[in-house]
Amino acid sequence: MSARPRVRFMAAALAVPLVVALAACDNDEKKAKEAANAPCPSNISQTASTPLPSDVPSPDGTVYDYNSQGKTQFWFAAVDGAPDQLKSLRDGYNTTLTGKGYKIEHTDQEDDAEAEAEFSGAHEGTTQFIPLCSGKVRVRIKLTS
């Protein structure tokens, strides 16, 4: 294969994942807009069966669900907020985490669709903030250690 066809092949091979990623972003934004206008589920006023570890601060909201997959644990909280507040809600919680000795390793966000963070410290994990329903944001706290 000469250099020119090889470059075209490589360019095409790299373009496919980019197109897929862009389509996924559009789908995330569509889902976020739909969730932001949906009625809230009744279970968000419940209390999770397993509380967060005492050294992991709770978001300003109700931790309403818990589940695990092997050693990985997930908590879900409902906090007051709107899609345009996801980044600021995440940043506020990151400040709370750092106040408890955690280090924020990385953050990422898609405007009005999600805001995420990775943290380390007494536990390693991630947070994800997404629209849940009208006036509420879902916070997922995932602990991997």
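Residues numbered from 1 in each chain as written. Predicted model: local features only at pLDDT ≥ 70, side-chain atom pairs only at ≥ 80, totals over all residues. Heavy atoms only, no water.

## Describing helix α2 (residues 86-99)
At step 1: If you check α2, its first and last C-alpha atoms are 20 Å apart, about what 14 residues at 1.5 Å a residue would give, namely 20 Å.
At step 2: What α2 keeps buried is the set Leu 86, Arg 90, Tyr 93, Asn 94 and Leu 97. Projected down its long axis, α2 carries its buried residues within an arc of 110°, all on one side. Away from its buried face, by an angle of more than 90 degrees, α2 presents the exposed residues Thr 95 and Gly 99.
At step 3: Looking at the buried positions of α2, the neighbouring elements they touch are β3 (103-110), β4 (114-120), β5 (125-133) and β6 (136-143).
At step 4: One or two residues past the end of α2 sits Gly 101, with phi positive at roughly 95°. (Helix = DSSP H or I, 4+ residues; strand = E, 2+ residues; numbered from the N terminus. Expected span 1.5 Å × (residues − 1). Buried < 20%, exposed > 50% of the residue type's maximum accessible area, 1.4 Å probe, protein only. Arc of directions from axis to C-beta. Contact = heavy atoms within 4.5 Å.)

## Topic: the sheet that holds β6
At step 1: Pairing is antiparallel across the open sheet formed by six strands, whose spatial order is β1-β2-β6-β5-β4-β3. Two strands close off the open sheet at either side, each with one partner strand: β1 (61-69) and β3. Sheet twist, expressed as the mean angle between neighbouring strand axes with direction ignored, is 20°.
At step 2: Where β1 and strand β2 (residues 72-80) come together, eight bridges link them in antiparallel fashion. Pairing of Gly 61 across the sheet is with Val 79, part of β2.
At step 3: Packing against the sheet, α2 makes contact with β2, β3, β4, β5 and β6, and its axis sits at approximately 145° to β5. (Pairing = 2+ DSSP bridges. Axes fitted to C-alpha atoms, helices over the stretch in contact; angles between N-to-C directions.)

## A word on the confidence of the model for the protein
Close inspection of predicted coordinates is inappropriate for parts of the model with low pLDDT.
At step 1: Overall, the predicted model of the protein reaches an average pLDDT of 86, with 77% of residues at or above 70.
At step 2: Low pLDDT, under 50, characterises residues 18-22; the predicted model gives this stretch zero contacts beyond four residues in sequence or across chains. (pLDDT = per-residue confidence, 0-100.)

## Let's talk about the pairing of β2
At step 1: Most of β2 is tucked away: seven of the nine residues are buried.
At step 2: Counted along the chain from β1 to the antiparallel partner β2, the turn is two residues long, and its residue Gly 70 has a positive phi close to 65°.

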